[in-house]
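Here are the chains, one letter per residue:
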Amino acid sequence: MTIRNKFARVAVLGAFAIVGKAQIKHIEMRVEGMT
Amino acid sequence: MKQHLRRQSGVQKVEVSLLDGKVDVTPKEDGAINPAGLLKATYDSGVSVAELDMTARGKIVKDAAGGLVFQVAPNRAFALVSSDLSKGLETLAGSTTWVTIRGQLYKKPAGKKKPEASPPLKLLILEVPSKE
């Protein structure tokens, strides 16, 4: 594999890791008694 | 309260709206955020939580008892409250489909000032914005 191909492979794997990530994206609370 | 929440692990940003009592928490991408910990931290700062909603991306799996569970991290999952929306996701259990869910994790019980011993949080699905 050439250097260029290695970079391409890393980029593809990186993109897949980002796309395939499970995570909590946002939390919203409604609170009472806040001053 | 803002400082208290910001110190919780996995919290990137906290925005508080005093007018409508809304608190927005943006998690870090490290997956360390713990909604139950946020709930406790909010109570510990002297504020009562009326409701906690969460938007998350994860996979639907079944637990040992056959109940549906929403897995949002290798070490974090929430049992789904049975509803029409959760039944619609039953076929995705164990599949590779990623699901984004907006749901309610906590609602203050009517007529009680403080929750009793904190039970495990269950997710009531409000909306399923995407399935991939």
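Rules used throughout
- Residues numbered from 1 in each chain as written.
- Chains lettered and ligands numbered in written order.
- Predicted model: local features only at pLDDT ≥ 70, side-chain atom pairs only at ≥ 80, totals over all residues.
- Helix = DSSP H or I, 4+ residues; strand = E, 2+ residues; numbered from the N terminus.
- Buried ≥ 20, exposed ≤ 12 C-beta atoms within 10 Å, placed from the backbone.
- Rg over C-alpha atoms; globule rule 2.2 N^0.38 Å.
- Contact = placed C-beta atoms within 7 Å.
- Pairing = 2+ DSSP bridges.
- Nonpolar A, V, L, I, M, F, W, Y, C, P; charged D, E, K, R; others polar.
- Core = buried A, V, L, I, M, F, W, Y, C linked by C-beta atoms within 7 Å.
- Domains from an automatic or database assignment.

S.K.: Explain the overall build of chain A to me, please; I cannot follow it from the model alone.
M.R.: Counting its regular elements, chain A contains one helix and one strand. For chain A, the proportion of its 35 residues judged to be buried stands at 11%.

S.K.: Is there a simple way to think about the overall build of chain B in this case?
M.R.: Scanning chain B from N- to C-terminus turns up three helices and seven strands. The order of α-helices and β-strands along chain B, N terminus first, is α-β-β-α-β-β-β-α-β-β. For 132 residues, the compact-globule estimate of 2.2 N^0.38 gives 14 Å, and the C-alpha radius of gyration of chain B, at 15 Å, lies within 12% of that figure. Its C-alpha atoms give chain B principal-axis dimensions of about 40 × 35 × 25 Å. When the 132 residues of chain B are sorted by exposure, 26% land in the buried category. Put simply, of all contacts in chain B between residues at least 6 apart along the chain, 54% involve residues at least 24 apart.

S.K.: Help me understand the pairing of strand β2 (residues 22-27) of chain B in this model?
M.R.: In regular strands, side chains alternate between the two faces of the sheet. Of the two faces of β2 of chain B, the one holding Val23, Val25 and Pro27 of chain B is buried and the one holding Lys22, Asp24 and Thr26 of chain B is not buried anywhere. For strand β1 (residues 23-32) of chain A and β2 of chain B, the ladder comprises four bridges, and the chain directions are antiparallel. Along β2 of chain B, the bridge assignment pairs Ile27 of chain A with Val25 of chain B. Looking at chain direction, strand β1 (residues 11-17) of chain B and β2 of chain B are connected through six bridges and run antiparallel.

S.K.: In this structure, what is going on with the interface of chain B and chain A? I would like to understand it.
M.R.: When the parts of a complex come together, some accessible area is lost, and that lost area is often used as the size of the interface. Across the contact, 31 residues belong to chain B and 13 residues belong to chain A. Elements with a minimum of two residues in the side of chain B that touches chain A: β2, α2 (35-44), β3 (48-62) and β4 (68-73) of chain B. Considering every element that reaches the side of chain B that touches chain A, the biggest residue donor is β3 of chain B, with 12 residues. Taken together, the residues that form the side of chain B that touches chain A break down as 16 nonpolar, eight polar and seven charged.

S.K.: Got a minute to help me understand the nonpolar core in this structure?
M.R.: Across soluble globular proteins, nonpolar side chains show a tendency to be buried alongside one another. Core analysis: the largest hydrophobic core is formed by 31 residues, its most contacted members being Ile27 of chain A together with Val25, Leu52 and Phe70 of chain B. Elements that contribute at least two residues to this core include exactly β1 of chain A together with β1, β2, β3, β4, β5 (76-80), β6 (99-107) and β7 (122-131) of chain B. At five residues, β3 of chain B tops the list of elements feeding residues into this core. Here this core spans two domains, since at least three of its residues come from each of domain 1 (1-49) and domain 2 (54-132) of chain B.

S.K.: Please clarify how the domain arrangement of chain B should be interpreted in this entry.
M.R.: All names here are of chain B. Looking at the assigned domains, one finds that chain B contains domain 1 (1-49) and domain 2 (54-132). Spacing between the C-alpha centres of domain 1 and domain 2 amounts to 20 Å. In terms of residue count, the dominant contributor to the side of domain 1 that touches domain 2 is α2 (three residues). Among the residues forming the side of domain 1 that touches domain 2, the class breakdown is four nonpolar, two polar and no charged.

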